[in-house]
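Residue-level structure breakdown
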Amino acid sequence: MRRPLIAGNWKMHTSILEAYLLVAEIGKCAAGLKDRDVILAPPNIALNAVSRVLHDSDVLLASQNVCWEEEGAFTGEISPTMVKSAGAVASIIGHSERRQIFHEDDEMINKRVLGALKFGLIPLFCIGETLEEREGEKTFEVLEAQIRKGLAGVSVEDMATTVVAYEPIWAIGTGKTATKEQAQEVHAFIRKLLAEMFGKAIADSVRILYGGSVKPDNVDELMAQPDIDGALVGGAALNAESFCRIINFK
Ligand code: 13P
């Protein structure tokens, strides 16, 4: 019912040439995958080059963040229309690295979500708890606040295109994946909350991705969970062989 989606977040890795070479490999192994979506989020500077390589493939592109304004005095930002002109159809928003390192708060993330939607970009809206919050049994409370604030003002219609990514911060780049049971429990909680906020039909159709040390050897069991609809992959998306295995999950 929900079409699986695997997204690769390259973070601040790859020169334009390296991006070009990596996407050429990934494009080959993604060819012919008809029952799932694949999205790549290279650094902004490589978006256009990557989009040229992918022009006749089904692989889609995302930026790693996006501003809420179309243009203006926002040094260092990139606008929704700019990323669209470079070939992106989606934007990662609210990644924990933006929240933690660059102090983006829920209000700013909400503006980015609404801005992306206004200009027709799919938000890949990220949430996740720290290890301290999990150990303090605050996971659900933290995620609920992130969702309610981050998705404030999103219409039911726009929620139908939005993707949620649950990325527990303690699992990002640590090699310590959430167990399939831990991830499923949180995904079910998120879906229930989305049903309360947007209605059951939307909640049943929204794709919820898991992110945090997704690798070739754990993707199959994660994808087998009823509420896990895809993965947001960091480190393993920088290696064509491992990303190809992940997008070909069984
Ligand atoms: P890793 O897959 O490297 O843990 O990164 C996850 C992530 O942050 C994707 O956005």
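Note that residues are indexed from 1 along each chain, following the sequence as it is written. The model is predicted, so local features are restricted to residues of pLDDT at least 70 and side-chain atom pairs to those at 80 or more, both for listing and for counting; the totals for chains, interfaces and linings are taken over all residues. Side-chain metrics in this entry use all non-hydrogen atoms of the structure; hydrogen atoms and water are not considered.

1. Things to note about the site of the ligand
Here is the rule: Any residue with a heavy atom lying within 4 Å of a molecule or strand is counted as near it. We call two N or O atoms a polar contact when they sit within 3.5 Å, provided that within protein one can donate a hydrogen and the other can accept it, with sequence-adjacent residues counted only if both atoms are side-chain atoms. Methods summary: accessible areas were calculated by the Shrake-Rupley approach with a probe of 1.4 Å, and residue burial reflects only the protein chains presented. Charged residues are taken to be Asp, Glu, Lys and Arg, nonpolar residues to be Ala, Val, Leu, Ile, Met, Phe, Trp, Tyr, Cys and Pro, and polar residues to be all remaining types, Gly included.
Around the ligand lies a shell of 13 residues, among which Lys-11, His-95, Gly-173, Ser-213 and Gly-235 are the nearest. Glu-167 places a polar side-chain atom, nitrogen or oxygen, 3.0 Å from an oxygen atom of the ligand. Contact with the protein chains covers 97% of the free accessible surface of the ligand, which is 310 Å². Class assignment of the residues belonging to the shell around the ligand gives a composition of 4 nonpolar, 7 polar and 2 charged.

2. Some remarks on the sheet that holds strand E1 (residues 5-9)
Cut-off, in case you're wondering: One requirement defines pairing of two strands: DSSP has to find at least two bridges between them. To qualify as a helix, a DSSP run of H or I must reach at least 4 residues; to qualify as a strand, a run of E must reach at least 2; elements of each kind are numbered from the N terminus. Angles run from 0 to 180 degrees between N-to-C directions of axes, and those axes are lines fitted to C-alpha atoms, restricted for helices to the stretch in contact.
Taking strand neighbours around the barrel as the criterion, the 8 strands line up as E1-E2-E3-E4-E5-E6-E7-E8 in a closed arrangement whose pairing is parallel. In this sheet, adjacent strand axes meet at a mean angle of 25° when their direction is disregarded. Note that E1 and strand E2 (residues 37-41) share 5 bridges and pair parallel. Looking at E2, one finds that Asn-9 is bridged to Ala-41.

3. Some points on a nonpolar patch on the surface
What counts is decided by this rule: The patches described consist of residues with a relative accessible area above 30% and no salt bridge, like charges being joined within 9 Å and nonpolar side chains (Val, Leu, Ile, Met, Phe, Trp, Tyr) within 5 Å. A pairing counts as a salt bridge when a side-chain nitrogen of Lys or Arg comes within 4 Å of a carboxyl oxygen of Asp or Glu. Only protein chains enter the calculation, and the probe is 1.4 Å; a residue is then buried if its accessible area is under 20% of its type maximum, exposed if over 50%, and partly exposed in between.
The grouping of Leu-17, Tyr-20 and Leu-21 at the surface amounts to a nonpolar patch, some 330 Å² of accessible area in total. As for its placement among the helices and strands, Leu-17 is situated in helix H1 (residues 16-30). Residue Leu-17 is classed as exposed on the basis of its relative accessible area, which comes to 57%.

4. Considering the pairing of E2
Note the cut-off: For the handedness criterion, the strands are oriented away from the viewer, and a crossover whose path from the first strand over the helix to the second runs clockwise is classed as right-handed.
In terms of burial, E2 is largely enclosed, as 5 of its 5 residues are buried. Of the two faces of E2, the one lined by Asp-37, Ile-39 and Ala-41 and the one lined by Val-38 and Leu-40 are each fully buried. Regarding topology, H1 serves as the crossover connection from E1 to the parallel E2, and that connection is right-handed. Across 2 bridges, E2 lies against strand E3 (residues 60-63) in parallel orientation. Bridging from a neighbouring strand, Ile-39 pairs with Leu-60 of E3. Traced from E2 through helix H2 (residues 44-53) to E3, the parallel crossover comes out right-handed.

5. Brief notes about the pattern of salt bridges
Following the criterion strictly, the structure yields 19 salt bridges and no others. With a closest N to O distance of 2.8 Å, Arg-148 and Glu-196 form a salt bridge. Placement of Arg-148 in helix H7 (residues 139-150) and of Glu-196 in helix H9 (residues 180-198) is noted, with a sequence separation of 48 residues between them. On the accessibility criterion, Glu-196 (57% relative accessible area) is exposed.

On their own, these measurements won't tell you what the molecule is for.
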